[in-house]
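Spelled out, the chains give:
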Amino acid sequence: MGKSSLSITEVRDMMLAAAQRIIEAEPILTDADRALGDGDHGVGMERGMNAVKEALGGKDFPSVGKVFVGVGTAMMSSMGGASGALFGTFFRSGGKALGDGESLDAAGLALFWKEGSDNLMSRGGAKPGDKTMVDAIVPAAEKAAESTGQSITDALAAVAVAAAAGRDASESMIATMGRAKTLGENSLGKPDAGAVSVAIIAAAMSEFASGL
Amino acid sequence: MKKLINNPLKCADELLEGLVEAYNGECRHVGTRSIVKNDIPEGKVALLIGGGSGHEPIYHGLVGRNLADGAACGDIFAAPPPNIVLEATEAVNRGKGVLYLYGNYAGDVLNFDLGAELADDDDIEVRTVLIWDDVCSAPPTQKHNRRGIAGLVPIVKLAGAASQKVATLAELEAVAKKAVLQTRSVGVSMAPGSIPATGKPTFNIDEDKIGLGMGIHGEPGVGEIPMATADDLTVMMLDLIFADYEKDDEVDALAPGDEILLVVNSLGATTMMELLIALRKAKAVLTERGIKTYDVLVGDFVTCQEMSGISFSITRLDDELKQYWDMPCQSVCYSKMEGRYGG
């Protein structure tokens, strides 16, 4: 049994760890996007996560939600492109839903993922099965909703597994939205680069929390 | 790849600094990464364009006299984020509203829409007209899903001229929509450009193949075909454009006597020699059909670094659009005198 909840500082450091993991994964993301998109996802995510490091590093936040809002604002205002608007919307709306809470437990995690996921889909228009980042986010949000009785450590671990499974499932989808929609059946066999990013972030969050 | 840059991650910012110098006082750098005209009169309906950098001289090179009032510039090949769109919107607004006119790409639509929401918070009225001239990116029944390519040059020119004459945002929106509806483009690519930050090519294509209808970032179009001569390729590309006007219920087929603007665009590496050889054949094909070229634009307008390829765009003019075309304009991307070249 892991910790029941994370403090504001722990959440901040968890997101800094996730940012670092994405920066290190830039070549993987670039290759994933070159296969199905225009090849700029890795560089865009690296730019966004460098902005996240600047916005979060050494800073104090009044609430857990504000940490996530800070992540979203940094990504939205630095990345541009569809990814910046969509990841920004996801983190900002998920963070806003947490209100003034000063710790993050499994119930808060479920709320964060649900609100982030719902707002992302209404902004971007993609549904599950369209082969986009939504295909990693929705299963992660569903798993978070099932994990509210668990420790935050276990909930984050379950979410990470679900996001990775969603990424893998996107390999066998035919793109109908987003970066690869014009490829049709030629998009089969490779994961969506946005879903790859979501899985990396979820894995880094879980690994950070389990190391506390 | 030998590339004349400094920090690969600073290309978009540094090229904008250079662009402001190229404007030599007519435009200034605003906010995070926008370029805005200096002398926008009070009460003018504003025209804002924008999109990813790396395609110079568009989009930000089309800010200027009787053209766009400002451009929100993204990073290389990436849409400008909402805060940049907002900064540009605030800088061009003169109380009569702002028309957003840009190429139909998912990232641009998301970010400009977010920018418009922020502008609405400031009580700035915004309307949006999307440019979707690339006929190979969706069939006529789904033309609103198409990408925007080099047809944006005549479209922005016409809307920029109209923005000087109209009294309301709705009137400008109507002119821009008409220009979009009457514009069609087809592109081909022979070799990819590179992403400055990684040095990697934007796509892969066999040495003996060309991508017919491929987008400016390497997005797929009709498909790969064997390399062809300039004449054969020109006929093939123009036939796709003619067929599209014919199949689209919202516009008439191009008919004898119609007057058009013809744009022959290089995607970066294709030389003026090659453009002129293609233009020579295009003119012959149009003349054979009885279609009059009111004006011809030939050169590098919409590029993707050292991408090799060419696109043709046709805009059909009516009396209203012709009046806006006849107005002079000046910018880094495109300048013309009063009337038509040779007219």
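Owing to the predicted nature of the structure, the values given are computational and were not obtained by experimental measurement. (Residues numbered from 1 in each chain as written. Chains lettered and ligands numbered in written order. Predicted model: local features only at pLDDT ≥ 70, side-chain atom pairs only at ≥ 80, totals over all residues.)

**Focus: the overall build of chain B**
Working step 1: When helices and strands are counted, chain B shows eight helices and twelve strands.
Working step 2: Compactness check: chain B gives a C-alpha radius of gyration of 19 Å against a globular reference of 20 Å for 343 residues, within 12% of the reference.
Working step 3: By the burial criterion, 55% of the 343 residues in chain B qualify as buried.
Working step 4: A separation threshold of at least 6 residues defines the contact pool for chain B, and within that pool the share at least 24 residues apart is 72%. (Helix = DSSP H or I, 4+ residues; strand = E, 2+ residues; numbered from the N terminus. Rg over C-alpha atoms; globule rule 2.2 N^0.38 Å. Buried ≥ 20, exposed ≤ 12 C-beta atoms within 10 Å, placed from the backbone. Contact = placed C-beta atoms within 7 Å.)

**Details of the overall build of chain A**
Working step 1: The number of helices and strands found in chain A is nine helices and two strands.
Working step 2: Each helix and strand of chain A, ordered N terminal to C terminal, gives the series β-α-α-α-α-α-β-α-α-α-α.
Working step 3: For 212 residues, the compact-globule estimate of 2.2 N^0.38 gives 17 Å, and the C-alpha radius of gyration of chain A, at 16 Å, lies within 12% of that figure.
Working step 4: The C-alpha extent of chain A, read off along each of the three principal axes, is 45 × 35 × 30 Å.
Working step 5: Burial analysis of chain A (212 residues in total) assigns 63% to the buried set.
Working step 6: Long-range pairs, those at least 24 residues apart, make up 70% of the contacts in chain A with a sequence separation of at least 6.

**Overview of the packing of helix α2 (residues 82–92) of chain B against helix α3 (residues 106–121) of chain B**
All names here are of chain B.
Working step 1: Where α2 meets α3, the closest approach of the two axes is 8 Å, and the angle between their N-to-C directions is 50 degrees. For the element pair α2 / α3, the angle class is oblique. For the pair α2 and α3, the sense of crossing is right-handed. For the pair α2 and α3, the contacting residues are Pro 82, Val 85, Leu 86 and Thr 89 in the first and Asn 111, Phe 112, Leu 114, Gly 115, Leu 118 and Ala 119 in the second. (Axes fitted to C-alpha atoms, helices over the stretch in contact; angles between N-to-C directions. Parallel < 35°, antiparallel > 145°, perpendicular 65-115°, else oblique. Left-handed = near helix turned anticlockwise from the far one by under 90°.)

**A word on the interface of chain B and chain A**
Working step 1: Taken together, the contacts link 25 residues of chain B with 23 residues of chain A.
Working step 2: Per-element tally for the side of chain B that touches chain A: the top contributor is α3(B), with five residues.
Working step 3: Looking at side-chain class alone, the side of chain B that touches chain A contains 13 nonpolar, nine polar and three charged residues. (Nonpolar A, V, L, I, M, F, W, Y, C, P; charged D, E, K, R; others polar.)

**Focus: the sheet that holds strand β3 (residues 46–53) of chain B**
Across a sheet, paired strands are connected by hydrogen bonds in the backbone, their directions being either parallel or antiparallel.
Residues and elements named next belong to chain B.
Working step 1: Strand order in the open sheet formed by six strands is β1-β2-β4-β3-β5-β6, and the pairing between neighbours is mixed. Edge positions in the sheet fall to β1 (27–30) and β6 (126–131), since each of these pairs with one other strand and no more. Going across the sheet, the axis of each strand differs from the next one's by a mean of 25 degrees, ignoring polarity.
Working step 2: In this structure, β3 lies alongside strand β5 (residues 98–103), joined through three bridges in parallel fashion. Bridge pairing in β5 links Ala 46 to Val 98. (Pairing = 2+ DSSP bridges.)

**Re helix α7 (residues 272–288) of chain B**
Working step 1: Along its 17 residues, α7(B) runs 24 Å from first to last C-alpha, staying within 8% of the 24 Å computed at 1.5 Å per residue.
Working step 2: Along its buried surface, α7(B) packs onto α6 (230–247), β10 (259–266), β11 (292–299) and β12 (308–316) of chain B. (Expected span 1.5 Å × (residues − 1).)

**A word on the domain arrangement of chain B**
All names here are of chain B.
Working step 1: Splitting chain B by domain gives domain 1 (10–181) and domain 2 (183–326).
Working step 2: Each of domain 1 and domain 2 was reduced to a C-alpha centroid, and the two centroids are 22 Å apart.
Working step 3: At the level of secondary structure, the elements contributing two or more residues to the side of domain 1 that touches domain 2 comprise α4 (152–165) and α5 (169–181).
Working step 4: The leading source of residues in the side of domain 1 that touches domain 2 is α4, at seven residues. (Domains from an automatic or database assignment.)

**Quick notes on the pairing of β12(B)**
Residues and elements named next belong to chain B.
Working step 1: In terms of burial, β12 is a largely internal element, nine of the nine residues being buried.
Working step 2: Sheet topology places strand β7 (residues 183–191) next to β12; eight bridges connect them, and they run antiparallel. When the sheet's bridge partners are listed, Val 186 is paired in β12 with Phe 312.

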